[in-house]
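As a plain string of letters, each chain reads:
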Amino acid sequence: FLGTGFSNFTDAEANGSWAIFPYLTYAGHAVSQMRDDRNDCLLRNRLAWAPLPGGSLLLQFQAGDHQDTRTDYMRRGGGASLTWKPRPRLQLSGGVSKYYEKVRGERGYPVSYQFRAYWTF
């Protein structure tokens, strides 16, 4: 009646965010997927702190956790970023992040650097 290959499934999803204190925020995302005899989960959590708000500089520290049982993936770590607005139409930003990563049993410690310049005219 429903076609070949149809299987029962149940999905549930939850999102949340919370300003714990001024300048300290948490965001989370959770998904549960039940397929016949298998239950998979996807979890994402992020904590961010901006200790010096206001002005032309924004310094931010963040920590994160990401887990996905469907792909046997786990990543935990954190970093810092700095955004500077020297002129009204020019914004420069940069950051560094370091993680512990586990993908299908293989472990790694990647470091990422990012630099951006935005100029509007």
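Note that the coordinates shown come from a computational prediction; the quantities given were computed from them, not determined experimentally.

Definitions and cut-offs
- Residues numbered from 1 in each chain as written.
- Predicted model: local features only at pLDDT ≥ 70, side-chain atom pairs only at ≥ 80, totals over all residues.
- Heavy atoms only, no water.
- 1 Å grid on protein atoms, 1.4 Å probe; cavity = no way out; pocket = protein on both sides within 12 Å on 5 of 7 lines; lining within 4 Å.
- Points joined across faces, edges and corners; volume = space filled by probe spheres on them.
- Helix = DSSP H or I, 4+ residues; strand = E, 2+ residues; numbered from the N terminus.
- Nonpolar A, V, L, I, M, F, W, Y, C, P; charged D, E, K, R; others polar.
- Pairing = 2+ DSSP bridges.
- Salt bridge = Lys/Arg side-chain N within 4 Å of Asp/Glu carboxyl O.
- Polar contact = N/O pair within 3.5 Å; in protein donor to acceptor, adjacent residues only side chain to side chain.
- Contact = heavy atoms within 4.5 Å.

(A) How the structure looks around the layout of surface pockets. A volume near 210 Å³ is recorded for the largest pocket. If you go around the largest pocket, the residues you meet are Arg44, Asn45, Arg46, Gln62, Ala63, Gly64, Asp65, His66, Arg75, Gly77, Gly78 and Tyr99. With five residues, the top contributor of residues to the lining of the largest pocket is strand β4 (residues 57-68). Taken together, the residues that form the lining of the largest pocket break down as two nonpolar, six polar and four charged.

(B) Broad picture of the pairing of β4. Pairing of strand β3 (residues 38-49) with β4 involves eight bridges; the strand directions are antiparallel. Bridge pairing links Ala48 to Gln62 in β4. In this structure, β4 lies alongside strand β5 (residues 73-87), joined through twelve bridges in antiparallel fashion. Its bridge partner lying in β5, Phe61 is registered against Ala80. The loop that links β4 with its antiparallel partner β5 comprises four residues; one of these, Asp72, has a positive phi angle of about 55°.

(C) Here's a closer look at the pattern of salt bridges. A complete count under the given rule lists four salt bridges for this structure. Residue Asp68 is joined to Arg70 by a salt bridge in which the shortest nitrogen-to-oxygen separation is 2.8 Å. The partner of Glu101 in a salt bridge is Arg75, with the nearest N and O atoms 3.8 Å apart. Within this pair, whereas Glu101 is found in strand β6 (residues 90-103), its partner Arg75 is found in strand β5, the two being separated by 26 residues in sequence.

(D) Main features of the side chain of Asp68. Topologically, Asp68 is positioned in strand β4. Here Arg70 takes part through its side chain, which lies 2.8 Å from a polar atom of the side chain of Asp68. Each residue touching Asp68, except ones within four places of it in the same chain, is listed here: Cys41, Leu42 and Tyr73.

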